[in-house]
Amino acid sequence: MGKKKCGRNYSFSNVKNMNFSEIQPLLQESLKKIKHVVIKIGTNSITPHIENQNSIFFHELADVVLFLQKSGINPIIVSSGAVGLGKELLKREKKDYVQKKITLVEKQALASLGQSLLIDIYRDAFERKNIPIAQILVSKSDFQNRKHYQNLKYTIEQLINWKSVPVINENDAVATEELKVGDNDTLSELIAGMHPYTFLIMLTTVDGFIIENKKIDFIDKISDKYFKHAQGPNEGGIGGMKTKLKSAEKILLSGHIMNICSGKSPKIIYDLLKGEPKGTWFFTSLQKNEVAAKKRWLLHNRHITGSLYIDKGAKEALISKNASLLIVGIEKYDGVFNKGDIIEIFYKDKKLGKGIISYSNKELEDFLISKKEERGLEVIHRDNLILL
Ligand code: GLU
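One structure accompanies this document, and this report is about it.

### Re the site of the ligand
Turning to step 1, where the next piece is worked out: Every residue lining the ligand is accounted for by Thr-43, Ser-80, Gly-81, Ala-82, Val-83, Asn-169, Asp-172, Asp-183, Asn-184 and Ile-238.
Turning to step 2, where the next piece is worked out: Between an oxygen atom of the ligand and a main-chain N or O atom of Gly-81, the distance comes to 3.1 Å.
Turning to step 3, where the next piece is worked out: A distance of 2.9 Å separates an oxygen atom of the ligand from a polar backbone atom of Val-83.
Turning to step 4, where the next piece is worked out: For the ligand, whose free accessible area comes to 300 Å², the fraction covered by protein is 96%.
Turning to step 5, where the next piece is worked out: Here the shell around the ligand is composed, by residue class, of three nonpolar, five polar and two charged.

### Some points on the sheet that holds strand β17 (residues 385-387)
Turning to step 1, where the next piece is worked out: Spatially, five strands are ordered β13-β11-β14-β15-β17 in an open sheet, and the strand pairing comes out mixed. For this open sheet the edge positions go to β13 (330-335) and β17, each flanked by a neighbour on one side alone. Pairs of neighbouring strands in the sheet enclose a mean axial angle of 25°, with direction left out of account.
Turning to step 2, where the next piece is worked out: Inspection of the sheet shows strand β14 (residues 342-347) paired to strand β15 (residues 350-356) by six bridges, in the antiparallel sense.

### Concerning the pairing of strand β4 (residues 165-170)
Turning to step 1, where the next piece is worked out: With six of six residues buried, β4 lies mostly within the body of the structure.
Turning to step 2, where the next piece is worked out: Across the two faces of β4 the burial is the same, with Val-165, Val-167 and Asn-169 and Pro-166, Ile-168 and Glu-170 all buried.
Turning to step 3, where the next piece is worked out: For strand β2 (residues 74-79) and β4, the ladder comprises two bridges, and the chain directions are parallel. Its bridge partner being in β4, Val-78 is matched across the sheet by Ile-168.

### Notes on the side chain of His-300
Turning to step 1, where the next piece is worked out: Inspection of the secondary structure puts His-300 in helix α12 (residues 293-300).
Turning to step 2, where the next piece is worked out: Here His-300 falls in the buried class, since its relative accessible area comes to 3%.

### A closer look at the packing of aromatic side chains
Turning to step 1, where the next piece is worked out: According to the stated counting rule, one finds 10 aromatic pairs in the structure shown.
Turning to step 2, where the next piece is worked out: With a centroid separation of 6.1 Å and 65° between ring planes, the pair formed by Phe-209 and Tyr-226 is classed as edge-to-face. Here the residue Phe-209 occupies a position in the loop between β5 (198-204) and β6 (210-211), and Tyr-226 occupies one in helix α9 (residues 224-229), the gap between them amounting to 17 residues. Accessibility assignment for this pair places Phe-209 and Tyr-226 in one class, buried.

### Description of the pattern of salt bridges
Turning to step 1, where the next piece is worked out: As enumerated under the stated definition, the model contains 13 salt bridges in all.
Turning to step 2, where the next piece is worked out: The salt bridge partner of Asp-120 is Arg-123, with a shortest N-O separation of 3.9 Å. On the criterion of helical spacing, the pair formed by Asp-120 and Arg-123 is a turn pair, its members being three residues apart in helix α5 (residues 104-127).
Turning to step 3, where the next piece is worked out: The partner of Glu-344 in a salt bridge is Lys-351, with the nearest N and O atoms 2.9 Å apart.
Turning to step 4, where the next piece is worked out: Lys-351 sits in the partly exposed class, given a relative accessible area of 37%.

### Topic: the side chain of Lys-354
Turning to step 1, where the next piece is worked out: Summarising the element assignment, Lys-354 is placed in strand β15.
Turning to step 2, where the next piece is worked out: This buried residue, Lys-354, is left without a salt bridge; Glu-344 holds the nearest opposite charge, at 5.8 Å.
Turning to step 3, where the next piece is worked out: Separated by 2.9 Å, the side chain of Lys-354 and the backbone oxygen of Leu-298 make a polar contact.
Turning to step 4, where the next piece is worked out: Polar side-chain contacts of Lys-354 include one of 3.1 Å to the backbone oxygen of Leu-299.
Turning to step 5, where the next piece is worked out: Those residues within four positions of Lys-354 in sequence are excluded, and the remaining contacts are Leu-298, Leu-299, Asn-301, Ile-304, Ile-342, Ile-343, Glu-344, Ile-345, Asn-384, Leu-385 and Ile-386.

### Brief notes about the packing of helix α8 (residues 184-192) against helix α10 (residues 241-253)
Turning to step 1, where the next piece is worked out: Running from N to C, α8 and α10 cross one another at 10°; their axes reach a closest spacing of 9 Å. In this view, α8 runs roughly parallel relative to α10, as classed from their interaxial angle. Residues Asp-185, Thr-186, Glu-189 and Ala-192 of α8 form the contact with α10, whose own contacting residues are Thr-243, Lys-244, Ser-247, Lys-250 and Ile-251.
Turning to step 2, where the next piece is worked out: Residues belonging to the contact of α8 with α10 are distributed by class as follows: two nonpolar, three polar and four charged.

About the criteria used
- Residues numbered from 1 in each chain as written.
- Predicted model: local features only at pLDDT ≥ 70, side-chain atom pairs only at ≥ 80, totals over all residues.
- Heavy atoms only, no water.
- Near = heavy atom within 4 Å.
- Polar contact = N/O pair within 3.5 Å; in protein donor to acceptor, adjacent residues only side chain to side chain.
- Areas by Shrake-Rupley, 256 points an atom, 1.4 Å probe, with all protein chains shown as cover.
- Nonpolar A, V, L, I, M, F, W, Y, C, P; charged D, E, K, R; others polar.
- Pairing = 2+ DSSP bridges.
- Helix = DSSP H or I, 4+ residues; strand = E, 2+ residues; numbered from the N terminus.
- Axes fitted to C-alpha atoms, helices over the stretch in contact; angles between N-to-C directions.
- Buried < 20%, exposed > 50% of the residue type's maximum accessible area, 1.4 Å probe, protein only.
- Phe/Tyr/Trp six-rings, centres within 6.5 Å; stacked < 30°, edge-to-face > 60°.
- Salt bridge = Lys/Arg side-chain N within 4 Å of Asp/Glu carboxyl O.
- Lys, Arg positive; Asp, Glu negative; His and termini not counted.
- Contact = heavy atoms within 4.5 Å.
- Parallel < 35°, antiparallel > 145°, perpendicular 65-115°, else oblique.

Next comes the structure, spelled out in structure tokens:
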């Protein structure tokens, strides 16, 4: 199984552009196999409901979550809104509070104020359906370090076993910019990457990915032409269409499904589960096998500490023979890294993939000097390698 998942399965370059009606039956088949649904809710979908905390939005969301649980699907929520709600709270309490450019510490304090209200709003709506809500606040290191990552995964799985719904956000109150994932589009993608058979739904303020006033129904491969049309975030939000597309790229490589759609009403999720042409779908029919857990972690992980430049023979061995990367195929390297770090692999200027390296840069240097004796050493084992 593991071996099959390497190599060519990851290359989508020969996909022809299909339209939605062609892909819909395949999409519907794949949706039937879904086990986890990650629902990402943006700040601008949350803050309009603060005035009325008993808002229909959260009640509808609780209904959707209950429906998913009854259908044997595990819902996980990634919710923004801590900073946004913090600002609203402060405006209420201190009538003279003016929203200006805020300092980092003010932002952290706002997140702390808003996060507790955020979780109260969820708890209030979900308790009526007898669904316990569990708050998880994370930061970048929870995804970079494989041990932390697995701890987080096990916690989520335990909560799911208890039919509780994790509501996940960044730990904005303490994490400074360099320690943060940075935006909840990326965070939701990282969470979606944790489990097999996952569908990521990004509820946002737009109807999907729009190019020249036309909604794109379906994308099976992200190319530069899409990035040219992608906008930054709307006011009050972080992320925007560019970060969503970057996340969609990884979701497609993981063999998962994603949809970006309007979060006006969570009821749209019922239509999405049926594979209806709502929002923008990201789906590829080419990924037949589920990608192994370790490879998904590799794929979604953005913490890269070095690069290896390989020769033509090694490139061919990786692509067509599904081989491990051996010392003999390495021309040079860049960066300072330790055993177990994630390294990108290049052939000339082209990025071929990434992998978990078995040696530090110092050890690699020694091997490269004495190349002859160490020819067969595996620098990256094929189980720890993905081609893009
Ligand atoms: N974590 C931020 C908050 O709760 C939002 C980040 C985002 O929306 O991307 O305010």
